[in-house]
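Each chain, letter by letter, is given below.
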Amino acid sequence: MATTDPSSAAARRQLANMALFLGPATVLLFMFFIAPVVVDVFVAFTDMGRSLEVTEFTTANFERMLTNDSRIGPTMAVTFTYVLLTLGIFNVTFGLLLALATTAVPERSGAFFRAIWLLPRMSPSVVYALLWAWMIGPTDRGLINQVAVGWLGLEPIDVLSNQPMLLIVLANGFIGASMGMIIFTSAIRAIPEHLFHAARVDGAGPLAVTWHITLPALRWPLSFITVYQTLSLLVSFEYIWLITNGGPFYDTMVFALYVYKRAFENGQYAYGAALSLILVAIGIAASLFMWRLLDMQRLLQTPRIEVQ
Amino acid sequence: MTTAKLFFGALTGIAVFAASAVLAPATVSAEEVTLQLWSRADRSGPLRAGNIVAAADQLNRMLEATGSETRVAIEVFENNADGFDADALDLFKAFAVDRGPDIYVLAHEWIGAFVEEDLAFRLDEHIEANPELYDDIIDTLWASVAYKGGRYGIPQDSEIRMFFYDKEMLRQIGKDEAFIEGLPAMVESGEFTIYDMTDLAKEVVDGGAAEYGIVHRPNVGPDFQMLMKSFGIDQYDADEGKLQISETQLAAFFEWLKYSVDAGVIPANMTAWSWDEVHASFRTDKTAFIKFHGIWNVPAQLETRGLTDDTYFDAIGWTHSPAAEEGGEPANLSHPIIYAVSAKSEHPELAAYIVGLASQNYLNTEHAVTTGHTPINHGQAAMPRFIEEGWALRAGAPMLEYASFMPNHAMIGQYNAIVFTGIEAVETGRLEPKDAAAFVVEELQAELGDELIVLD
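Definitions and cut-offs
Each residue is numbered by its place in its chain's sequence as written, counting from 1. Whichever chain is written first is A, and whichever ligand is written first is 1; the rest continue in order. Per-residue local features of the predicted model are confined to residues with pLDDT of at least 70, and side-chain atom pairs are confined, for both listing and counting, to 80 or more; whole-chain, interface and lining totals are unaffected and use all residues. Only hydrogens and water are set aside; all other atoms, that is, all heavy atoms of the structure, feed into the side-chain values. Counting from the N terminus, the helices are the DSSP runs of H or I reaching at least four residues and the strands are the DSSP runs of E reaching at least two. Residue exposure (1.4 Å probe, protein chains only): buried if accessible area is under 20% of the type maximum, exposed if over 50%, otherwise partly exposed. Every residue pair with non-hydrogen atoms within 4.5 Å of one another is taken to be in contact. In short, Shrake-Rupley with a 1.4 Å probe defines the accessible areas, and a residue's cover is counted only from the protein chains shown. Residues scored as charged are limited to Lys and Arg (positive) and Asp and Glu (negative), so that His and the chain ends carry no count. A charge is said to be at NZ when it belongs to Lys, at CZ for Arg, at CG for Asp and at CD for Glu. Strands were regarded as paired on the criterion that DSSP finds at least two bridges between them. For helices, the fitted line uses only the C-alpha atoms of the stretch in contact; every axis is such a line through C-alpha atoms, and the angle between N-to-C directions lies from 0 to 180 degrees. Here the angle decides the label: under 35 degrees means roughly parallel, over 145 means roughly antiparallel, 65 to 115 means roughly perpendicular, and every other value means oblique. Classes in brief: Ala, Val, Leu, Ile, Met, Phe, Trp, Tyr, Cys and Pro nonpolar; Asp, Glu, Lys and Arg charged; the others, Gly included, polar. Within this analysis, patches are made of residues with over 30% relative accessible area and no salt bridge. Like charges are joined at 9 Å or less; nonpolar side chains (Val, Leu, Ile, Met, Phe, Trp, Tyr) at 5 Å or less. Every case where a carboxyl oxygen of Asp or Glu lies within 4 Å of a side-chain nitrogen of Lys or Arg is listed as a salt bridge. Note: buried area is the sum, over both parts, of the accessible area (probe 1.4 Å) each one loses when the two are combined. We call two N or O atoms a polar contact when they sit within 3.5 Å, provided that within protein one can donate a hydrogen and the other can accept it, with sequence-adjacent residues counted only if both atoms are side-chain atoms. Between rings of Phe, Tyr and Trp, where Trp is taken as its six-membered ring, a pair exists when centres lie within 6.5 Å; planes separated by under 30 degrees are stacked, by over 60 edge-to-face, and by other angles tilted. By definition here, a helix of n residues has an expected span of 1.5 Å times n minus one. Here the arc refers to the set of directions running from the helix axis out to each C-beta atom.

Draft legend 1. Structural view of the overall build of chain B. A count of helices and strands for chain B gives 20 helices and 16 strands. By principal-axis analysis of the C-alpha atoms, chain B measures approximately 95 × 55 × 50 Å. Of all 456 residues assigned to chain B, the portion counted as buried reaches 55%. Once local pairs closer than 6 in sequence are excluded, the contacts in chain B between residues at least 24 apart make up 75%. On chain B, roughly 18700 Å² of surface is accessible, and the fraction owed to carbon and sulfur atoms is 53%. Looking at chain B, you have 29 positive and 73 negative side-chain charges, and the mean spots of the two groups are 5 Å apart.

Here you go:
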């Protein structure tokens, strides 16, 4: 030990620590985030069809995408409507309302209502989607119509044909809201209790407390949920696929579902890969834009005070 | 410790030796050849897989009789796909990762796609060398397995798609028996058109006898082809080997769809229904006047409506899809399912023989009478079981005169999927018939490229 150069031993230890602490995360990042994009780019430049064989490298997929695919524009429009509505109504706004409401009531009933809102997230997605499908069945076999037609004597209600966008926003929103609810609840819990007492002493009512104490403390969680949920809504499509299958016609065909259908229901894997690069590009652009807009840099700055 | 180790080591050694001594005679001289079978899990044909297993059992009994130690085992994989199109794509994926089966069950129109990818074993030589197995197969069925001059499969069953109509409902609105029973003949002669059918269905709905006039499948599938045929649409140019479309004919077909939806005959949200809702409307709930689908619905109709072979035709009638214009030809569709042997199989000849055994009268009749499919061999019609239980199939057989098949083109699956989007667009009022036809043609051109001929 005496002959070893202490500085090189320290350097070695530092390297070992780096490998130990950063290694697993780096491997995961590479395997699940970088490698798929690399594979996707590779496949996008091939002619891989339903037999999964590659016989040539080509730019034909991109030519087709740019010149010969009339569905890209409309599906993009559907995607933006869907993301904006689900995010605006449920994932952020309703999540926030739930957090505010369930922290304002006594702890036990608050926890009870939060648990109820977590139920959709806990049920397997196929079961959840099948329940929706059964509920909205357009004939009098559907649950809503059993009540509407059978008991109330109304005309049959057909949400799937008449309000398909509302349907997918509701189905996704009921699940999405709980994520915001949990994050916001924990952020509200982290606000020092004495601030609320002080505000009350100064004569602030519940609205003023919410406005001047709670909401300012939620600035970062709100930004985080907005960015995170935007990205996840952009690429998620399983409930839409199971409930409306993108229809009627192309009314709920979000871009991610369109890509999936091209690739896996038509067996055009290479073209699907090329299309999904658009999603990758939009995802990166959207996150960079929101990073700047919401000033997320500041969230990650080194704290100016010492935390013990 | 050492002694203990030695002791356990010796014990293990003896055990292994003893086990191998017991197993050796069985494993060395007997040879088991395992063949894999891929079949779609389908309530309307469980014996498509079952008959292959039964054929292998039969072969094993023959082998046993010869004193041979060789046995054939069938490993069945039943794929849970939504339809035959989805199943074919899954099968492609299985082949791509070297998990392909030796024998597979296919909707016949997909055979071209599998031949193009070198996944289907050409069976001409095998068929010619074994007339005992194949000579009785109904000639027209061979067209369903043909592709570019070769035969790449063995027909497994056949069927007739038709309009089922509820006779009771016609009686309720005051139609006389002569009209009710004469309807199929009027359709066949071309005097009763598909527009007349919509008008009749409207009468039934307006008369309060039915809630829905005409119901159809809610998803992509073969049924729509017979409607297209009624409007003169021929999807295939056999000389060129290419698919084809006529925008004007397609628009005419879509016009009729719109006419039927506007009349309240076809529900505007038909494509949003589930299969269960579609079936129930004609079977248990009896809310639909006409359903168009395959003859293999008959067993389920008998069961759910409590009918027998004596009372069936008092309650339900069958007709072709009527001609679009007076004096035109009606149409119906037969959609055979086939067995194919993988070109990648290590035992293609053996696999073909097993398929051959499964295609004989006894086994195929089991499938035919239990699931309501028409038989593949002439001789089956003379079998006592078929005569007793196959009354519906015998009644349907004359309809085959107006039957057509789907073309065995590699891209027919995509073609049908795009046409279905047009149907959905028209019925739900998203597009006008003319726009929908233009949309479908444009999508077909983008998707099929050179494989499509646009007629007008």
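Draft legend 2. Expanded view of the sheet that holds strand β14 (residues 337-341) of chain B. Residue and element names in this part refer to chain B. Here five strands make up an open sheet; going across it, the order is β2-β1-β3-β14-β6 and the pairing mixed. Edge strands, defined here as strands with exactly one partner in the open sheet, are β2 (71-79) and β6 (154-157). Direction aside, the axes of adjacent strands within the sheet are offset by 25° on average. Two strands pair when backbone bridges link them, and strand β1 (residues 32-40) and strand β3 (residues 103-107) are joined in this way by two bridges, in the parallel orientation. The residue of β3 that forms the bridge with Leu 37 is Ile 103. Its contacts with the sheet place helix α15 (residues 348-358) against β1, β2, β3, β6 and β14, and it is angled at close to 155° to β14.

Draft legend 3. Fine view of the packing of helix α2 (residues 47-66) of chain B against α15(B). Residues and elements named next belong to chain B. Axis separation between α2 and α15 bottoms out at 8 Å; the angle between their running directions is 105°. Our classification of the angle between α2 and α15 gives roughly perpendicular. Of the residues in α15, those in contact with Asn 51, Ile 52, Ala 55, Ala 56, Gln 58, Leu 59 and Met 62 of α2 are Leu 350, Ile 354, Val 355, Leu 357 and Ala 358. Taken together, the residues of the contact of α2 with α15 break down into ten nonpolar, two polar and no charged.

Draft legend 4. Here's a closer look at a nonpolar patch on the surface. The grouping of A:Val27, A:Leu28, A:Leu29, A:Phe30, A:Met31, A:Phe32, A:Phe33, A:Ile34 and A:Val38 at the surface amounts to a nonpolar patch, some 920 Å² of accessible area in total. As for its placement among the helices and strands, A:Val38 is situated in helix α1 (residues 6-44).

Draft legend 5. Summary view of the interface of chain A and chain B. Each partner contributes to the interface: chain A provides 28 residues, whereas chain B provides 28 residues. Across the chain A/chain B interface, buried area totals approximately 2500 Å², and carbon plus sulfur atoms make up 49% of it. For chain A, the biggest contributors to the area lost against chain B are A:Arg50, A:Arg141 and A:Phe249; these three give 32% of the whole. There are five salt bridges connecting chain A and chain B. Between B:Glu447 and A:Arg262 there is a salt bridge, with the nearest N and O atoms lying 2.5 Å from each other. On inspection of chain A and its partner chain B, the count reaches twelve residue pairs in polar contact (both at pLDDT 80 or more). Among the elements of the structure, α7 (159-162) and α13 (255-265) of chain A are those that each provide at least two residues to the side of chain A that touches chain B. The element contributing the most residues to the side of chain A that touches chain B is α13(A), with three residues. The residue inventory of the side of chain A that touches chain B, partitioned by class, reads nine nonpolar, eleven polar and eight charged.

Draft legend 6. Region of interest: the packing of aromatic side chains. Overall, the coordinates contain 42 aromatic pairs over all chains when judged by the stated rule. Ring centres 4.1 Å apart and planes at 10° place the aromatic pair B:Phe92 and B:Phe114 in the stacked group. Remark: B:Phe114 occurs in helix α4 (residues 111-116) and B:Phe92 occurs in helix α3 (residues 84-96); sequence separation between them is 22 residues. Given the relative accessible area of 1%, B:Phe92 is considered buried. For the pair B:Phe224 and B:Phe292, a centre-to-centre distance of 6.4 Å together with 85° between the ring planes defines the contact as edge-to-face. Note that B:Phe224 is positioned in helix α10 (residues 224-230) and B:Phe292 in strand β11 (residues 288-294), a separation of 68 residues in sequence. Judged by its relative accessible area of 0%, B:Phe292 falls in the buried class. The rings of A:Phe90, A:Phe94, A:Trp117, A:Tyr128, A:Trp132, A:Phe174 and A:Tyr239 are connected pair by pair, giving a single aromatic cluster.

Draft legend 7. View of a negative patch on the surface. Judged by side-chain charge, B:Asp309, B:Asp310, B:Asp314 and B:Glu388 come together as a negatively charged surface patch. Locating B:Glu388 in the fold gives a position in helix α17 (residues 384-389).

Draft legend 8. Main features of the pairing of β3(B). All names here are of chain B. Extensive coverage of β3 is indicated by the burial of five of its five residues. Here β3 shows no split at all, with Ile 103, Val 105 and Ala 107 on one side and Tyr 104 and Leu 106 on the other all buried. Here β3 runs beside β14; their pairing, made up of five bridges, is antiparallel. Bridge pairing in β14 links Val 105 to Tyr 339.

Draft legend 9. The arrangement of helix α9 (residues 194-206) of chain B in detail. Residue and element names in this part refer to chain B. For α9, with 13 residues, the first-to-last C-alpha span of 18 Å sits near the 18 Å given by 1.5 Å per residue. Listed as buried for α9 are Ile 194, Met 197, Thr 198, Leu 200, Ala 201, Val 204 and Val 205. An end-on view of α9 places all buried positions within 165° of arc, on one side of the element. Phi turns positive one or two residues past the end of α9, at Gly 208, with a value near 80°.

Draft legend 10. Inspection of the sheet that holds strand β16 (residues 452-454) of chain B at higher detail. Residues and elements named next belong to chain B. Read across the open sheet, the three strands follow the order β9-β10-β16; overall the sheet is mixed. The sheet is open, and its two edges are formed by β9 (236-237) and β16, each paired on a single side. Pairing of strand β10 (residues 242-245) with β16 involves three bridges; the strand directions are parallel. Each bridged residue has a counterpart across the sheet, and for Ile 245 the counterpart in β16 is Val 454.

Draft legend 11. Representation of unusual backbone geometry. Residues and elements named next belong to chain A. For the peptide bond that leads from Gly 247 to Pro 248, omega is -5°, which places it in the cis range. In this fold, Pro 248 is placed in the loop between α12 (238-243) and α13. Positive phi, close to 55°, is recorded for Asn 245, a residue that is not glycine. Along the chain, Asn 245 turns up in the loop between α12 and α13.

Draft legend 12. Just the environment of A:Ala148, in detail. Its location among the elements puts A:Ala148 in helix α6 (residues 143-151). What A:Ala148 contacts, discounting residues up to four positions off in sequence, is A:Gly153, A:Leu154 and A:Ile157.

Draft legend 13. Structural context of the pattern of salt bridges. Applying the stated criterion across every chain yields a total of 29 salt bridges over all chains. Close ionic contact of A:Glu107 with A:Arg114 constitutes a salt bridge, the shortest N to O distance being 3.8 Å. A salt bridge links B:Lys93 to B:Asp90; its shortest N-O distance comes to 3.4 Å. One end of the pair is B:Lys93 and the other is B:Asp90, both in helix α3 and three residues apart, which spans about a single turn. Note on B:Lys93: relative accessible area 24%, which makes it partly exposed.

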